[in-house]
2 protein chains.
Amino acid sequence: MEPGTPLSPTERSSPRREKERARSGRESLDDVLAASVICHLAVVVDGVPLALPTVFGVDPDGPDEGGTVYLHGSVASRSLVQAPDQDVSVTWTVLDGMVLARSGFNHSMNYRSAVVIGRPRVVAEPGELSHALDLLVDHVVPGRAAALRRPTRKELAATTVLALPLHEASVKVREGDPDDEPEDVAAGYWAGVVPLRLRAGDVVTSADAPGTAVPAHVAARADELR
Amino acid sequence: MEPGTPLSPTERSSPRREKERARSGRESLDDVLAASVICHLAVVVDGVPLALPTVFGVDPDGPDEGGTVYLHGSVASRSLVQAPDQDVSVTWTVLDGMVLARSGFNHSMNYRSAVVIGRPRVVAEPGELSHALDLLVDHVVPGRAAALRRPTRKELAATTVLALPLHEASVKVREGDPDDEPEDVAAGYWAGVVPLRLRAGDVVTSADAPGTAVPAHVAARADELR
């Protein structure tokens, strides 16, 4: 999808509060997804809404409108068997900082978040499933799928992947300083932001792989998150 | 609540897969909440399940069974007005690492996650609301609430806080090396973990607070997350 392509939010996918935080370009969605390692899939299971943390992969040229997001969906798949026609949503939340204002009321977080709503489908065709699994692995560490053996037929049969169109999406961003009341600013107290970022530590080689070298694609990803 | 107190998971709050990852002690719940900056509140809004990222605060001696978790809940409150008798859930997800196995199938994440299910109540009593707001602020930066002016009546009236019992909870933890198939290990390829942690950067003083010193409680929190 081209940079500058507008998102297609609907009323239900759009922020209801703090409308100045809404972003309308497709590149803002791509940014949030690229900055996220996991997402939360919201589904109703046995009558209770759950937010299931899961890895994901993106195919901007996938078969669904707006491109396809693939999710590891074993728990969710149970609810989809129960209610195949239910809409679900996926939320990505990147925490960028703690916003420490002069009042509790104006405390906030700096973040980038995205929500996609849609009717999921279970990926059944083996070619698409194999492609989706590569995307899931490569989203975590780019280049990793090509370094692995191919999945077996048994592994593919034991894996549930959901596909969702990236069409009905909305993005919210909060950045910068606290927004304090003028009288609170005038009182002269400190306010500010503690920046936050998910960072990688030193790569740990598995105990059952002594003496093997950390592959370049793994080292590069760890460096990117250093 | 005493360390060693067992959690009270129910079938719907319990992990269905990978049961070896379940933790049964209250201290595992306390650990996940202490390590989290935000959580995701799962609610059905206009018929669609959403995972709403929000800050939270914990009162282990709160009025609800098992203690109380308080959530900033303005968006969620709309759905609760629509359906006051609906159960909701809250999910905390702490990402500890990328688990890079020899096969895509055995790729995973190291994480600590908790789910609490329950019937939320909107905090209405001004004393409890004010206390809850202090807990929300202090969870982000311990000691911060005491450094702020008290909320005004207008601010309290404009704030929606939800309370949920910490009673019906379950915790899952995945840690350590990848679990590979013996034949994949024998092939001699590298496998390992890229540890992940949410870390703080240098504290940024607000542009409208030039020359003010970063308070000790803020510096201590930033150091803790360094």
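Just so we're clear, the structure is a prediction, and the values are computed from it rather than from any experiment.

Reading the values: the criteria
- Residues numbered from 1 in each chain as written.
- Chains lettered and ligands numbered in written order.
- Predicted model: local features only at pLDDT ≥ 70, side-chain atom pairs only at ≥ 80, totals over all residues.
- Heavy atoms only, no water.
- Least-squares fit on C-alpha atoms with pLDDT ≥ 70 in both.
- Contact = heavy atoms within 4.5 Å.
- Core = buried A, V, L, I, M, F, W, Y, C linked by side-chain atoms within 4.5 Å.
- Buried < 20%, exposed > 50% of the residue type's maximum accessible area, 1.4 Å probe, protein only.
- Pairing = 2+ DSSP bridges.
- Helix = DSSP H or I, 4+ residues; strand = E, 2+ residues; numbered from the N terminus.
- Axes fitted to C-alpha atoms, helices over the stretch in contact; angles between N-to-C directions.

Engineer: What am I meant to see in the relation of the copies chain A and chain B here?
Structural biologist: Relating one copy of the chain to the other requires a rotation about an axis plus a shift along that axis. Each copy of the sequence occupies a distinct position, and chain A is placed on chain B by a rotation of 180° and an axial shift of 0.0 Å, giving an RMSD of 0.0 Å. What the rotation and shift describe, once combined, is the action of a two-fold rotation axis. Looking at the rotation axis and the C-alpha trace of chain A, the residue lying nearest is Leu198 of chain A, at 2.1 Å. The overlap is high: 100% of the interface residues of chain A also sit at the interface in chain B, so the same surface is used on both sides.

Engineer: Explanation requested: the nonpolar core in the structure shown.
Structural biologist: Note on soluble globular proteins: their nonpolar side chains tend to be buried together. Core analysis: the biggest nonpolar cluster contains 30 residues, and Leu29, Leu41, Leu71 and Trp92 of chain B have the highest contact counts within it. When neighbours within four sequence positions are excluded, Trp92 of chain B is seen to be in contact with Val32, Leu33, Ser36, Ile38, Cys39, Phe56, Val69, Arg112, Ser113, Ala114 and Val116 of chain B. Of all hydrophobic cores here, the second largest spans 29 residues; its members include Leu29, Val45, Leu80 and Val171 of chain A.

Engineer: Where do I start with the sheet that holds strand β9 (residues 161-165) of chain A in this structure?
Structural biologist: Think of a sheet as strands paired side by side through backbone hydrogen bonds, with each pair either parallel or antiparallel. Residues and elements named next belong to chain A. Reading across from one edge, β4-β5-β9-β8 is the order of the 4 strands in this open sheet, with antiparallel pairing throughout. Looking at which strands have only one partner, the edges of the open sheet turn out to be β4 (56-59) and β8 (121-122). Pairing of β8 with β9 involves 2 bridges; the strand directions are antiparallel. Of the residues in β9, the one forming a bridge with Arg121 is Ala163. Across the sheet, helix α3 (residues 126-140) lies against β4, β5 (68-72), β8 and β9, angled at about 115° from β4, the strand it touches most.

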